[in-house]
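Structural features, examined
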Amino acid sequence: MVWERLASASVSSSVTNTGWKLLKRASGTGVNITTDTFADKDNIMILHHTHTGSSTGTAGLRFNADTNGNYANRFSTDDGSDNTSQVNASNILNGVGYSNRSSFAVNEIVNVPTQPKLLIGHATENGGNNSSSIPNRREIVGVWNNSSNGITSATLHERDGNGWGSSSEIIVLGCDNNESDSGENFWQELGSVELTSNSASSGTASNPQMECTFTAKNYLMFEGYLKSNGDPQTCFNQDAGGNYHWSYVDDGSGSDASGGSNNSSAGFHYGGNEVYIRGFMVNKTGSQKQWIIDRLYNSTTGTGNTLVVREGSGKWNNTSAQCNSIGFKKNSMTMYAGSYFKVWGAD
C-alpha cells in the first residue's frame, strides 16, 4: 500500500529513497495523452487531473498503447449499485463524465509481468465551479488482461472523443517491492504536527486546537489521527467561510450524502472520540482544490464498539491560493495529546 512506501522522514533530513519514484508524466488537451516509456516496476500509482470544456469528457486508462478489448472494470458512482457492463473494453473507465468540470483520480496497480494487471482506483469530480454543487465520486476496480508484459507506458484517454477543455495531466509513480536506495521519492514530507499535551482552547479558524502548516505543492497526501471530545471543523488556510462542499457514505450503505453546500468546514472530522484519516488532494493554483478521503471512526473505547468507515470526496472553492495549512477547531472542545496530522507532497 502507498502508506507503507513513503520512506521520507523529513524534507530537511537525510531520507532513504525507497518509496514511490516519479516514472513519467504527460499533459495536454487531446483525446489521448500518453507518457514516454518508463521502467517496469512491481507497483504503479497513477494520478490524473482533468478539465472538460463545453463537451462531455470521461477519463479512461490504457497501457502500453493497447487499444484492443483487453480491459474490464466495475465501478459505483456515489456509492450506488455497481456497474458491471465494462467488459472486453478498449480502456479502463477512470473518471466521472460531465462538461465544464474538473476531476481528480488516484489509482494503484499490481504490475506483475506474467499476471493480469489489477487496479483499484478512486475518482472525484467537482460538480461545478462553485461551493454549492455537490461533488461526484466513483470507486473503480479494473484489469488489463495482459500476462506477457509489465506496464511501461500509460495513456490518459478521453472516452467521449472530445478531448479536454484545458490542459490535463497524468502522473505515473512506481516502486519495486525491493526498491533500492536511489533516486528521489516523489512524496516528500512537507509538514507535521503532534499534540504533546491536551489542547483545550476555544478554537477559532485563526487559533485552532491543532493546525498543520506546510509548503504548498500541487499534489498532497495526508494522514492523521484525531482524538477529541467534540466534532471539530476542518479549515484550509484558516478559511472558515462557506467555501467547501463534500460528500460521503458511511459503511458503504446507501448513496452518498452531502456534507452541506457552502459549508464552513472541509469535513475531515467525524464526531467525537477518535478518527483515523488518510487521503489525497490536488492543490493547483487556478483550480478548485479537490480531495479523496477515507476515515475510520471509533466512538468509544473497547472492542465491543462498532467502528464506522466513512469514504468521501470534497472541494475547496478557492482558485487563487494553494492550501498550505489544515487546521481543526471548535469552540469549547478539547483535542487530546497524541493527536497528529502529517502532509506529504510534490509538484
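Rules and cut-offs
Residues numbered from 1 in each chain as written. Predicted model: local features only at pLDDT ≥ 70, side-chain atom pairs only at ≥ 80, totals over all residues. Heavy atoms only, no water. Helix = DSSP H or I, 4+ residues; strand = E, 2+ residues; numbered from the N terminus. Rg over C-alpha atoms; globule rule 2.2 N^0.38 Å. Buried < 20%, exposed > 50% of the residue type's maximum accessible area, 1.4 Å probe, protein only. Contact = heavy atoms within 4.5 Å. Areas by Shrake-Rupley, 256 points an atom, 1.4 Å probe, with all protein chains shown as cover. Core = buried A, V, L, I, M, F, W, Y, C linked by side-chain atoms within 4.5 Å. Polar contact = N/O pair within 3.5 Å; in protein donor to acceptor, adjacent residues only side chain to side chain. Pairing = 2+ DSSP bridges. Axes fitted to C-alpha atoms, helices over the stretch in contact; angles between N-to-C directions.

Below, the discussion takes up the overall build of the protein chain. Looking only at helices and strands, the protein chain has zero helices and 23 strands in total. Relative to the compact-globule value of 20 Å for 347 residues, the protein chain shows a C-alpha radius of gyration of 20 Å, a close match. Its C-alpha atoms give the protein chain principal-axis dimensions of about 60 × 45 × 45 Å. Buried residues in the protein chain amount to 54% of all 347 residues. Pairs at least 24 apart in sequence give 76% of the contacts found in the protein chain among residues at least 6 apart. Roughly 13300 Å² of accessible area belongs to the protein chain as shown, and the carbon and sulfur atoms make up 43% of that amount.

Counting residues in each nonpolar core, the largest one holds 32 residues, and the members touching the most others are Phe236, Phe268, Trp291 and Phe341. In terms of nonpolar packing, the next biggest core, distinct from the first, is built from 25 residues, Ala59, Ala105, Trp144 and Ile151 among them.

Quick look at the environment of leucine 47 now. Note on placement: leucine 47 falls in strand 3 (residues 43–51). For leucine 47, a relative accessible area of 1% gives the class buried. The sequence separation of leucine 47 and tyrosine 270 amounts to 223 residues, and the corresponding C-alpha distance is 27 Å. Beyond its immediate chain neighbours, meaning those up to four positions away, leucine 47 contacts Ala105, Val106, Glu169, Ile170, Ile171, Phe186, Trp187 and Tyr219.

As a rule of thumb, non-glycine residues mostly have phi less than zero, and peptide bonds are mostly trans rather than cis. At aspartate 79, a position not held by glycine, the phi torsion is positive, near 65 degrees. Looking at the secondary structure, you find aspartate 79 in the loop between strand 5 (71–77) and strand 6 (83–89). The class for aspartate 79 is buried, based on a relative accessible area of 14%. Unusually for a residue other than glycine, serine 332 sits at a positive phi of about 55 degrees. Position of serine 332 relative to the elements: it lies in the loop between strand 22 (325–329) and strand 23 (340–346). By relative accessible area, which is 62% here, serine 332 ends up exposed.

As for its position among the elements, asparagine 273 is in strand 19 (residues 273–282). For asparagine 273, a relative accessible area of 16% puts it in the buried group. C-alpha of asparagine 273 to C-alpha of asparagine 229: the two residues are 44 residues apart in sequence and 5.6 Å apart in space. When neighbours within four sequence positions are excluded, asparagine 273 is seen to be in contact with Leu226, Lys227, Ser228, Asn298, Ser299, Thr300 and Thr301. At 3.0 Å, the side chain of asparagine 273 and the side chain of lysine 227 are in polar contact.

Pairing is antiparallel across the open sheet formed by eight strands, whose spatial order is 1-12-3-8-9-10-5-6. Two strands close off the open sheet at either side, each with one partner strand: strand 1 (21–28) and strand 6. Along the sheet, successive strands turn relative to each other by an average axial angle of 15 degrees, direction set aside. Strand direction decides the pairing type here: strand 5 and strand 6, joined by three bridges, are antiparallel.

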